[in-house]
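Fold and contact review
Residue strings, one per chain:
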Amino acid sequence: MLLTYRALKRRANARKLAITTPNGIDESSYVRIGGIDQWISVRGEDRSNPVILELHGGPGASNLVFVPHTRAWERHFTIVRWDMRGAGKTFAAGGPQGQGELTLDRLYADALEVTDHIRTRLNVPKVLLLANSFGTVIGLRLARDHPERYSAYVGTDQNIAGGGDTSAYEALLTRLEKAGRKKQRAKIAALGPDRSSWSAHQWAEYAKTVVTTDPLTYDTMKTVVIRSLWFSPLHTLRDLRAYLKAQTFSEPLGPQATTIDEHAEGTAFRLPFFLFQGEHDVLTPPEPAHRFYTEVTAPAKDFALIPDASHFASFRHPDHFLDLLLTRVRPVVTGEATSRR
């Protein structure tokens, strides 16, 4: 019965994803990037729309499962969704042995290759960089270093590891204490607040504990993330198994990301800069993201909180996020008047 319901939902989602407009595009394939085959999807209803390159989170958590949630975005933008090495269909194709070097520097170099591939394939001088969660670690570096390739930077679930902020860690200890979870609290307290000293396993356990102990985040995980995985028309059951294995495989990237000091790397950006953060995000809190934003110099910049949202804010409220893209970002990128849906 469960599999029958899944099949019906997947068929309905597949119909929802159909692009039939004359100037639309819907193509997916493996592209040789950084010496391995990596999965790239390009979708949109009008090729003349601005092009967005998504940098997914995780690490190792492809955004392809969220395509039904963000289908409306494709009426106004051409969306490029790339499964990084160690993630999604790229991981499924090559397996653990076929991912090559798994470092932030390698992903950064891959992202530049993907960017140039898309610029050539779609014949555009620049793309709009949209990064979420772990992807923001790479996204900030790309935006800072390469304004000639990107028309703007949009970060959501923005990671800011530098600046000595330990608010998320302290808040987790408080939640565990209030809930009477003494063993869990002792385990997290033993890690200490310096995340750069944690192992990959410790980093993953911390993230899991944060997600499962906050009601709003946990609700989003169940109703948005898990449902998106289960009902994705783009993923078979075998694909879903690979999707989950990819996240475990990519865990070593987590501690690498915590060693970055974004403030020290630089707050001067030569392109428009936007941060849209979940108001109640307990994994990547809005406060350090906003402090970083206030230090940023850019040709244009904006910051917004998304209400009733923790982590995964853009996927919990895709319509609200689209409004932000249309009213705050697209006019700056295109030079047009404020866009309306």
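Up top is the structure these notes are about.
Residues numbered from 1 in each chain as written. Predicted model: local features only at pLDDT ≥ 70, side-chain atom pairs only at ≥ 80, totals over all residues. Heavy atoms only, no water.

**Quick notes on the layout of surface pockets**
Roughly 1100 Å³ of volume is contained in the largest pocket. Contributing to the lining of the largest pocket are 44 residues, with G58, A207, V211, M221 and Q247 lying nearest its centre. Elements supplying a minimum of two residues to the lining of the largest pocket: α7 (200-213), α8 (215-231), α9 (237-249) and α10 (253-258). For the lining of the largest pocket, the leading source of residues is α7, giving 8 residues. Class assignment of the residues belonging to the lining of the largest pocket gives a composition of 23 nonpolar, 15 polar and 6 charged. Taken as a whole, the second largest pocket encloses approximately 290 Å³ of empty space. (1 Å grid on protein atoms, 1.4 Å probe; cavity = no way out; pocket = protein on both sides within 12 Å on 5 of 7 lines; lining within 4 Å. Points joined across faces, edges and corners; volume = space filled by probe spheres on them. Helix = DSSP H or I, 4+ residues; strand = E, 2+ residues; numbered from the N terminus. Nonpolar A, V, L, I, M, F, W, Y, C, P; charged D, E, K, R; others polar.)

**Digging into the pattern of salt bridges**
Per the counting criterion, the structure on display carries 23 salt bridges. The residue R141 makes a salt bridge to E265 at a minimum N-O spacing of 2.6 Å. On the criterion of sequence distance, the pair formed by R141 in helix α4 (residues 135-145) and E265 in helix α11 (residues 262-265) is long-range, its members being 124 residues apart. With relative accessibility at 33%, the residue E265 sits in the partly exposed group. Among the charged side chains, a salt-bridge network with shared partners connects D26, R43, E45, E54, R71, E74 and R81. (Salt bridge = Lys/Arg side-chain N within 4 Å of Asp/Glu carboxyl O. Buried < 20%, exposed > 50% of the residue type's maximum accessible area, 1.4 Å probe, protein only.)

**Comments concerning the packing of helix α5 (residues 167-178) against α7**
For the pair α5 and α7, interaxial distance at closest approach is 10 Å and the crossing angle is 55°. Considering their axes alone, α5 and α7 lie oblique with respect to each other. As α5 runs across α7, the sense of the crossing is left-handed. For the pair α5 and α7, contact is made by A168, Y169, L172, R175 and L176 and by Y206, T209, V210 and T213, respectively. (Axes fitted to C-alpha atoms, helices over the stretch in contact; angles between N-to-C directions. Parallel < 35°, antiparallel > 145°, perpendicular 65-115°, else oblique. Left-handed = near helix turned anticlockwise from the far one by under 90°. Contact = heavy atoms within 4.5 Å.)

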